[in-house]
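Read off the chains here:
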Amino acid sequence: MTQIDQPTRPVAAPPKGAGPLAKREARLAWGMLAPTLAAVALVVILPLLAIFWISFKPVELADLRPPEVSVREDVRGKPAEPGDPATLRYRLRNSSQDAPITGVTLRDTLPDGVEITGGLIEGCTVQGRDLFCDFGDWDGGARVRLQIEVVTDQAFFDGPDPRDSAPIVTGEASNILTNFSFTFDNYARIFDSSEFFKVLWVTLFYTIFGTIGALVMGLFAALLLDKSFKGQGILRGLYLFPYVAPVIAVAFAWVLLLDPFSGSINALLIQMGVTEQAINFFGEEPLALIMVTVFEIWRYFPLSFLFILARMQSIDTEMYEAADMDGATPFQQFRYLSLPQLLGILSVLFLLRFIWTFNKFDDIFLLTGGNAGTRTLTVNVYEQAFALSNIGAGAAVAVVIFCCLLLFSVFFFRVVSQEEGL
């Protein structure tokens, strides 16, 4: 038999490139995302870029106000009738104590009914009623007082107030916030400081143990309330109290309870014979760091408790019934059934709590103010920027915090999240 070759049918292939409809859909999608992207840029990206910019500049708190020429005008002498002498006084100064201002000039219109008798300084001229002064270049903190002696007539009293015509001052100055002069002095000051690595260690201790402690305590609380019993709803509400209560209220409550002079905790410990003298919980190293970490665990474990409890109640109970029939102990049921189901939510909670705790400022500041070995990087930002008036150094510490959290996030998503399938 002769074999007849059948014609081969072309294999269908997906079209290459994007058609007109796909391009229109893409434009529509980007158009709908534009408000979100703009909001993210305004709220997150632009402030972050500003912090990076300031961290490379020697900016102090006084430099936040740009250098400018300020002027005050008044009339001295209190003339009461025509022919009385008076003094038109202008007081000018450089608002910056460091930055110079070049090309300082003053223009003003003199009031009607005055005749100049003296007081003009070099650089000042009067043409008609127009006053012009050229003061040249000023150093930081420069001040000039111009006092023009005049004699008044009736037109002075019939005319408007001399202060109604505001003087016009001009001058050019380099704003340290916007110029292109950069320095690494802020970072050199931070890393050369002997306290930096101590502060970093305190931050890591506070963050790691605070995060793990909140997760463990939240897991324990979720295990207690996983079963239904009388009063379960009331107990759940009480568990949420540390998280929903105002931080300033609970912080001062802890400070009052643990006060070494009038705190009830110290009085109770002394009466029970646990200690012979009062303990300064928030004033001694390393006890103060341990106490602020315990406060962090106590205050934020309800968040972990809510997420873990919600995940536990979504687990199929038939697995536990089968394990119970096979003779598995409660610990074995938790280890081999509950814990694998909770690893995903525990990983997410660890990521969130680590970032939030690393950035925590208000709790430590309210409890100790950063004293007694509890200064973290966020407290150091406040001290550099506002206590020492060094905005540039404070921004540099903030950049260090950002880099630490970025490295942690990259490690988490590349290692931990892959293992948990996130």
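Residues numbered from 1 in each chain as written. Predicted model: local features only at pLDDT ≥ 70, side-chain atom pairs only at ≥ 80, totals over all residues. Heavy atoms only, no water.

Undergrad: Lay out the overall build of the chain with the relevant residues and their values.
TA: Tallying secondary structure elements over the chain gives 14 helices and eight strands in all. What you see for the chain is a C-alpha radius of gyration of 36 Å, clearly larger than the 22 Å of a compact globule of 422 residues, by over 25%. For the chain, the spread of C-alpha atoms along the three principal axes comes to 115 × 105 × 45 Å. Burial status across the chain gives 35% buried among its 422 residues. Long-range contacts, defined as pairs at least 24 residues apart, comprise 74% of the intrachain contacts of the chain with a sequence gap of at least 6. Accessible area for the chain stands at about 25,800 Å²; split by element, carbon and sulfur atoms hold 62% of it. Each charge class in the chain can be summarised by its mean position, and for the 30 positive and 43 negative side chains these summaries are 7 Å apart. (Helix = DSSP H or I, 4+ residues; strand = E, 2+ residues; numbered from the N terminus. Rg over C-alpha atoms; globule rule 2.2 N^0.38 Å. Buried < 20%, exposed > 50% of the residue type's maximum accessible area, 1.4 Å probe, protein only. Contact = heavy atoms within 4.5 Å. Areas by Shrake-Rupley, 256 points an atom, 1.4 Å probe, with all protein chains shown as cover. Lys, Arg positive; Asp, Glu negative; His and termini not counted. Charge placed at Lys NZ, Arg CZ, Asp CG, Glu CD.)

Undergrad: Got a sec to walk through the pattern of salt bridges? Specific residues and values, please.
TA: One pass over the structure, following the stated rule, counts eight salt bridges. Residues Lys198 and Glu285 are paired through a salt bridge, measuring 3.8 Å at the closest nitrogen-oxygen approach. Of the two residues, Lys198 is situated in helix α4 (residues 196-224) and Glu285 in the loop between α8 (264-271) and α9 (287-312); the sequence distance between them amounts to 87 residues. Of the charged contacts, one joins Arg353 and Glu296 as a salt bridge, the two residues approaching to 2.7 Å between their closest N and O atoms. Here Arg353, found in helix α11 (residues 330-358), pairs with Glu296, found in helix α9; they are 57 residues apart in sequence, far enough to count as distant. Glu296 carries the same exposure label as Arg353, and that label is buried. One salt-bridge network, held together by shared partners, links Asp74, Arg89 and Arg91. (Salt bridge = Lys/Arg side-chain N within 4 Å of Asp/Glu carboxyl O.)

Undergrad: Which residues make up the environment of Ile121, and what values go with them?
TA: The residue Ile121 is located in the loop between β4 (114-118) and β5 (124-127) in this model. The spatial distance from the C-alpha of Ile121 to the C-alpha of Ile148 is 8.8 Å, given a sequence separation of 27 residues. Apart from the residues within four sequence positions on either side, Ile121 is in contact with Phe135 and Leu146.

Undergrad: Go over the domain arrangement of the chain, please, and point to the residues and values.
TA: As assigned here, the chain comprises domain 1 (67-173) and domain 2 (185-420). When each unit is reduced to the centre of its C-alpha atoms, the spacing between domain 1 and domain 2 is 62 Å. (Domains from an automatic or database assignment.)

Undergrad: Report on the UniProt feature "domain: ABC transmembrane type-1" (unreviewed entry) in the chain, specifying residues and quantitative values.
TA: Taking the UniProt record as the reference, the feature "domain: ABC transmembrane type-1" (unreviewed entry) is found at residues 200-412. Across residues 200-412, the secondary structure splits into 74% helix and 0% strand, with the terminal C-alpha atoms separated by 20 Å. (UniProt positions renumbered as here; feature names shortened; annotations may be inferred.)

Undergrad: An account of a negative patch on the surface is needed here, citing residue identities and associated values.
TA: Together, Asp316, Glu318, Glu321, Asp324 and Asp326 line one region of the surface with negative charge. Its location among the elements puts Glu318 in helix α10 (residues 318-325). (Patch = residues over 30% accessible without salt bridge, like charges linked within 9 Å, V, L, I, M, F, W, Y side chains within 5 Å.)

Undergrad: Summarise the UniProt feature "transmembrane region" (unreviewed entry) in the chain; cite the residues concerned and give the values.
TA: The sites that UniProt annotates as "transmembrane region" (unreviewed entry) are residues 33-56, 199-225, 237-257, 287-310, 336-356 and 391-413. This span, residues 199-225, is 96% helix and 0% strand, and a straight line between its end C-alpha atoms measures 38 Å.

Undergrad: How would you explain the packing of α4 against α9 if you had to name every residue and give the values?
TA: The axes of two packed helices give the description: the angle between them and the distance between them. One can describe the packing of α4 onto α9 by two numbers: an axis separation of 6 Å at closest approach and a directional angle of 40°. Viewed along their axes, α4 and α9 adopt a mutual orientation that is oblique. Viewed along their axes, α4 and α9 form a crossing whose handedness is right-handed. Looking at side-chain class alone, the contact of α4 with α9 contains 21 nonpolar, five polar and one charged residues. (Axes fitted to C-alpha atoms, helices over the stretch in contact; angles between N-to-C directions. Parallel < 35°, antiparallel > 145°, perpendicular 65-115°, else oblique. Left-handed = near helix turned anticlockwise from the far one by under 90°. Nonpolar A, V, L, I, M, F, W, Y, C, P; charged D, E, K, R; others polar.)

Undergrad: Please give an account of the nonpolar core that cites residues and values.
TA: Ranked by size, the top nonpolar core spans 18 residues in total, and within it Tyr90, Phe135 and Leu146 carry the most contacts. Elements supplying a minimum of two residues to this core: β2 (85-94), β3 (101-109), β6 (130-138) and β7 (143-152). Non-local contacts of Tyr90, meaning those with residues more than four positions away in its chain, are made with Arg72, Glu73, Leu106, Asp108, Leu110, Leu131, Val144, Arg145, Leu146, Ile148 and Pro167. (Core = buried A, V, L, I, M, F, W, Y, C linked by side-chain atoms within 4.5 Å.)

Undergrad: Which residues make up the side chain of Asp108, and what values do they have?
TA: Along the chain, Asp108 falls in strand β3. Only 2.6 Å separates the side chain of Asp108 from the side chain of Tyr90, close enough to count as a polar contact. Dropping the residues within four chain positions of it, Asp108 is found in contact with Glu73, Tyr90, Arg129, Asp130, Leu131, Ser165, Ala166 and Pro167. (Polar contact = N/O pair within 3.5 Å; in protein donor to acceptor, adjacent residues only side chain to side chain.)

Undergrad: Provide a residue-level description of the environment of Thr211, including the pertinent values.
TA: By the secondary structure assignment, Thr211 is in helix α4. Separated by 30 residues in the primary sequence, Thr211 and Phe241 place their C-alpha atoms 19 Å from one another. The residues contacting Thr211, other than those within four sequence positions of it, are Phe350, Arg353, Phe354 and Thr357. There is a polar contact of 2.6 Å between the side chain of Thr211 and the backbone oxygen of Thr207.

Undergrad: Summarise the sheet that holds β5; cite the residues concerned and give the values.
TA: Spatially, β5-β6-β3-β8 is the arrangement adopted by the four strands of the open sheet, whose pairing is antiparallel. Each edge of the open sheet is held by one strand with a lone partner, namely β5 and β8 (168-172). Adjacent strand axes in the sheet meet at a mean angle of 15° when their direction is disregarded. Sheet topology note: the β3/β8 ladder contains four bridges and is antiparallel. Looking across to β8, one finds that Thr102 is bridged to Glu172. (Pairing = 2+ DSSP bridges.)

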